[in-house]
Amino acid sequence: MELMGDKATLLETGRLTQSADREDPATAVDEARHRHGAELGDVASMSMLGSLLLRRGDLDGAEPFLRTATADGDRAAANNLGVLLHQRGYADEAAGWWRIAAVAGSSAAAHALGRHHRERGDEPAAEYWLRQSAEQGHTLGAYALADLLEHRSDVGAERWMRAAAERGHREAAYRLARALERRAAETRGALTGTAPLSRSFGRQAVSPGQQTGSFGHQTGSSSEKETVEAGAEPDTGSRILGGSLLAEAEQWYRQAAARGHRRAALQLGAILERHGDLKEAGRWYLTSAKDGEARAACALGFLLRDAGDEDSAAVWWLKAAQDGDGNAANALGALHAERGETQTAERWYRAAMDAGDVNGAYNLGLLCAEQKRGRQAEQWYRRAAYAGHREAANALAVLLMQAGDASGAEPWFSKAAEAGSVDAAFNLGILYAGREDEPVAFEWYERAAAAGHTEAALQVGIAHLREGDRQTAERHLRCAAGGGSAEAAYRLAALLDQGTRREDVVLGEAAGGKTECEEWYERAAELGHRRAQVRVGTFAAARDDVVEAARWYRLAAEAGSLGGAFNLGLLLAREGSEPEALVWWKRAADAGHGRAALRLALLYARRSDLSEAQKWCAKAVSYGPAEVSERAARLSEALQQELTA
């Protein structure tokens, strides 16, 4: 008969017991004493000697003593005789003796009899005897009853699981903690309208190469991904209730872990890691990993990696991967990929896939994509996508889009988006925008923006700007700018600065204090936005901070900004560096900047180089804008008169 509990022994099952008021014979002296008593006909000694021999596996030696003691009414002997007969394969006869002992008040026999009936499929009889055992205070009886009731989804299961846990049963403590965690998640889900989140220990490792999040732009890859369901925040009551349940769950995990339950140690480590107590989390992960829990070894590897100890992390990932943990194999693959060891990385990704972890196929796709092996990348993405991997479905769709197969990409984008991929929702927005189906594109952008996608929030903000809804546009632009979008920061600054922004710099305008719009311009400029850099240079020039203005203008100009090059020329000319100013104006004018061409014309006219001035006048007329063209035309006419005079 299979024993209940974690690493239970015969004695721990309660099927082999002595009366509660008897000492366990543990020494040769005790055995000799009980044997002497048995020879003199002492029933208690016969029972004790029989249990001792049974525990040692001497069934032939134990049986006559147990039968004699049972015949004289010793209920512990009747229970142990049942155990002996069960070990010999006589289950029905064993049940008969357990029944006799149980009727006589043996809680251990009632537990054994209940287990016997459950194994036979007679749940009503099993419940009756297990309840008898539990109500008499038998720990394993309470646990077995809880297990039976939980199997039937009976609300009374938690009461008996708690009773067993309180009496020190570690598996009961573990399962009680799991039940409390589930109840906390269900409470959160019921009050927020979201499904309970499942936990994966450690983090998912993905290939460190270039990972395409959308076909409209490239997103850098990371070595881990965490997905959070979108939903409303729970109210105060639900947070208190959920927090109370989770706190109690943690205590039961701690109790089970302290008694050597490796899965409880794993769960406790995960809770402590979420709380930020990484040192204690690592200790429990280590305890669990040493006991053979592969997921704990994997999680410990991530903690060590985050602490900068990659070599130790690799040791634990290797142990976990060899024990069949796919996540650890993925982590090893990512580690070797980061080191440029692509063949080894591919081997571990395949090991992850063989372990049933679909991320292995996805990571193989990322690895092949980085190596420009498009056909193989598509093959692995497709394999992972068919297995339900949403990011693989999105990556597959991106590949198809890049190959010009929009009709083939759309269903994969849709599948990934419906499964919760924020990148896929954004990509659908790009897809429909390309078809000029703005309403549908806007719906997908809004969906992605609501889930925190920065570029989607930018697109939603731009759409609201077009519609004249400044307040909603500002809200979305703030979200996108806060998420690191340079374009969003620039547009937000422009929105706040609307009505005062000019393309050209007017040097010497009155300086004022730094406004919010200037701060957003600076944020965009620091992120490399050229027009923002020009605008920040303008603010600095207005404060007569020539050095700062020149720095920003030069950054913009060197990145290809014509306005930056023109303004840098103005600043340099004002500071007496006309030769360098000439260089920057020529760069801007050669690229089509009308005002730079007009400045060159004026400069050469002042130098009496009329033919060169005439050449730049002609360019300024053609470049515009209208005001510049008009001024350049008048200057050209004057130069012509001078040339023909």
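Residues numbered from 1 in each chain as written. Predicted model: local features only at pLDDT ≥ 70, side-chain atom pairs only at ≥ 80, totals over all residues. Heavy atoms only, no water.

Enquirer: Would you take a moment to explain the overall build of the protein chain for this structure?
Expert: What the protein chain contains, in helices and strands, is 34 helices and zero strands. Sequence-distant contacts, at least 24 apart, represent 51% of the contacts inside the protein chain between residues at least 6 apart. Only carbon and sulfur atoms are counted for the fraction: they give 48% of the accessible area of the protein chain, which is about 30,000 Å². (Helix = DSSP H or I, 4+ residues; strand = E, 2+ residues; numbered from the N terminus. Contact = heavy atoms within 4.5 Å. Areas by Shrake-Rupley, 256 points an atom, 1.4 Å probe, with all protein chains shown as cover.)

Enquirer: How should the pattern of salt bridges be read in this particular structure?
Expert: Any two side chains of opposite charge can pair, so long as their charged atoms come close to each other. Counted according to the given criterion, the structure contains 47 salt bridges. In this structure, the salt-bridge partner of R254 is E250, at a minimum N-O distance of 3.3 Å. Residue R254 and its partner E250 are located together in helix α11 (residues 236–258), separated by four residues, close to a single helical turn. Between R390 and E391 there is a salt bridge, with its nearest N and O atoms 3.8 Å apart. Residue R390 shares its accessibility class with E391, and that shared class is buried. When salt bridges with common partners are traced through the structure, they connect D60, E63, R67, R88 and E93 into a single cluster. (Salt bridge = Lys/Arg side-chain N within 4 Å of Asp/Glu carboxyl O. Buried < 20%, exposed > 50% of the residue type's maximum accessible area, 1.4 Å probe, protein only.)

Enquirer: Would you mind going over the nonpolar core with me for this structure?
Expert: General note: in soluble globular proteins, nonpolar side chains tend to be found buried as a group. Y349, Y362, Y381, W412, F413, L428 and Y521 are the most contacted members of the largest nonpolar core, which has 66 residues in total. Here the element with the most residues in this core is helix α20 (residues 390–402); it accounts for nine residues. Within the second largest apolar cluster, 61 residues are counted, among which are Y143, A173, A184 and W348. (Core = buried A, V, L, I, M, F, W, Y, C linked by side-chain atoms within 4.5 Å.)

Enquirer: Please explain the packing of aromatic side chains as it appears in this structure.
Expert: What characterises a pair of aromatic rings is the spacing of the ring centres plus the angle enclosed by the ring planes. Per the stated rule, a full pass over the model turns up eight aromatic pairs. When the ring of Y128 is compared with that of W129, the centres are 4.9 Å apart and the planes differ by 85°; the resulting orientation is edge-to-face. Taking the centre distance of 5.6 Å and the plane angle of 45° together, the rings of F426 and Y445 count as tilted. Highlighted residues: F426 in helix α22 (residues 422–434) and Y445 in helix α23 (residues 438–450), separated in sequence by 19 residues. Judged by relative accessible area, which is 4%, F426 ranks as buried. Taken together, Y490, Y521 and F539 form an aromatic cluster joined through their ring pairs. Its end group placed over the ring of Y432, R435 keeps NZ or CZ at 5.4 Å from the ring centre. (Phe/Tyr/Trp six-rings, centres within 6.5 Å; stacked < 30°, edge-to-face > 60°. Lys NZ or Arg CZ within 6 Å of the ring centre and 35° of its normal.)

Enquirer: When you look at unusual backbone geometry in this model, what are you seeing that I'm missing?
Expert: Negative phi characterises most residues that are not glycine, and trans characterises most peptide bonds. Of the consecutive residues G624 and P625, the connecting peptide bond is found in the cis state with omega at 0°. With respect to the helices and strands, the residue P625 is situated in the loop between α33 (610–623) and α34 (626–644). With a phi close to 60°, D544 is a non-glycine residue in the positive phi region.

Enquirer: Can you help me understand the packing of helix α29 (residues 546–558) against helix α30 (residues 562–574) in this one?
Expert: The description of two helices packed together rests on the angle between their axes and the distance between the axes. α30 packs onto α29 with a crossing angle of 145° between their chain directions and a minimal axis gap of 8 Å. Where α29 crosses over α30, the two elements pack in a sense that is left-handed. Residue-level inspection shows V546, A549, A550, Y553, R554, A556 and A557 of α29 in contact with α30, the latter providing G564, A565, N567, L568, L571, L572 and R574. Residues of the contact of α29 with α30, tallied by class, amount to 10 nonpolar, two polar and two charged. (Axes fitted to C-alpha atoms, helices over the stretch in contact; angles between N-to-C directions. Left-handed = near helix turned anticlockwise from the far one by under 90°. Nonpolar A, V, L, I, M, F, W, Y, C, P; charged D, E, K, R; others polar.)

Enquirer: Could you clarify how one ought to interpret helix α2 (residues 43–55) in this entry?
Expert: What sets the pattern is the α-helix's 3.6 residues per turn: residues three or four places apart point alike. Taking 1.5 Å of rise per residue, the 13 residues of α2 would be expected to cover 18 Å, and the 18 Å separating its terminal C-alpha atoms lies within 8% of that figure. In terms of burial, α2 is largely enclosed, as 10 of its 13 residues are buried. Residues of α2 that are buried include every one of S45, M46, S47, M48, L49, G50, S51, L52, L53 and L54, and no others. In this fold, the buried residues of α2 make contact with α1 (28–39), α3 (59–71) and α4 (75–88). G57 occupies a position one or two residues after α2 and carries a positive phi of about 90°. (Expected span 1.5 Å × (residues − 1).)

Enquirer: Help me out: how do you make sense of the packing of α23 against helix α24 (residues 454–466) in this one?
Expert: Taken N-terminus to C-terminus, the directions of α23 and α24 make an angle of 130°; their axes are 8 Å apart at the nearest point. Taken together, the axes of α23 and α24 are oblique relative to one another. Regarding α23 and α24, the two cross each other, and that crossing is left-handed. Residues E438, F442, Y445, E446, A448 and A449 of α23 form the contact with α24, whose own contacting residues are A456, A457, Q459, V460, A463, H464 and R466. Classifying every residue of the contact of α23 with α24 by side-chain character gives eight nonpolar, two polar and three charged. (Parallel < 35°, antiparallel > 145°, perpendicular 65-115°, else oblique.)

Enquirer: Mind showing me how you'd approach the environment of S636 here?
Expert: Tracing the chain through its elements places S636 in helix α34. Spatially, the C-alpha atoms of S636 and L610 are 9.5 Å apart, while their sequence positions differ by 26 residues. Once you skip the residues sitting within four places of it in the chain, S636 turns out to touch Q614 and C617.

Enquirer: Would you take a moment to explain α1 for this structure?
Expert: Over its 12 residues, α1 extends 16 Å from the first C-alpha to the last, a length consistent with the 16 Å expected when each residue adds 1.5 Å. Residues of α1 that are buried include every one of D30, E31, H34, G37 and A38, and no others. For α1, the arc enclosing every buried residue in end-on projection is 125°, short of the 170-degree limit, so these residues lie on one face. Exposed and oriented more than 90 degrees from the buried face of α1 are A28, V29 and E39. Tucked into the core, α1 has its buried residues touching α2 and α3. (Arc of directions from axis to C-beta.)

Enquirer: For this particular structure, what's the right way to read the environment of A351?
Expert: Structurally, A351 can be placed in helix α17 (residues 342–354). Separated by 25 residues in sequence, A351 and G326 place their C-alpha atoms 7.1 Å apart.

Enquirer: How should I be thinking about the confidence of the model for the protein chain in this particular structure?
Expert: Low pLDDT means the predicted coordinates in that region are not meant to be read closely. On average, residues of the protein chain score 86 in pLDDT, and 85% of them are at 70 or above. Contacts for the low-pLDDT stretch residues 1–25, under 50 throughout, to residues beyond four places or in other chains number 76 contacts. Segment residues 501–511: pLDDT under 50, and 23 contacts once partners within four positions in sequence are set aside and those in other chains are kept. (pLDDT = per-residue confidence, 0-100.)

Enquirer: For this particular structure, what's the right way to read the environment of L245?
Expert: Position of L245 relative to the elements: it lies in helix α11. Judged by relative accessible area, which is 7%, L245 ranks as buried. Sequence spacing of L245 and A185 is 60 residues, and the spatial spacing of their C-alpha atoms is 9.4 Å. Leave out the neighbours within four places in its chain, and L245 touches L180, R183, A184 and T187.

Enquirer: Even after reading the chapter, I still don't get the side chain of E522, so can you show me in this structure?
Expert: Assignment of secondary structure puts E522 in helix α27 (residues 516–526). Those residues in contact with E522 that lie beyond four places of it in its chain are K514 and V536.

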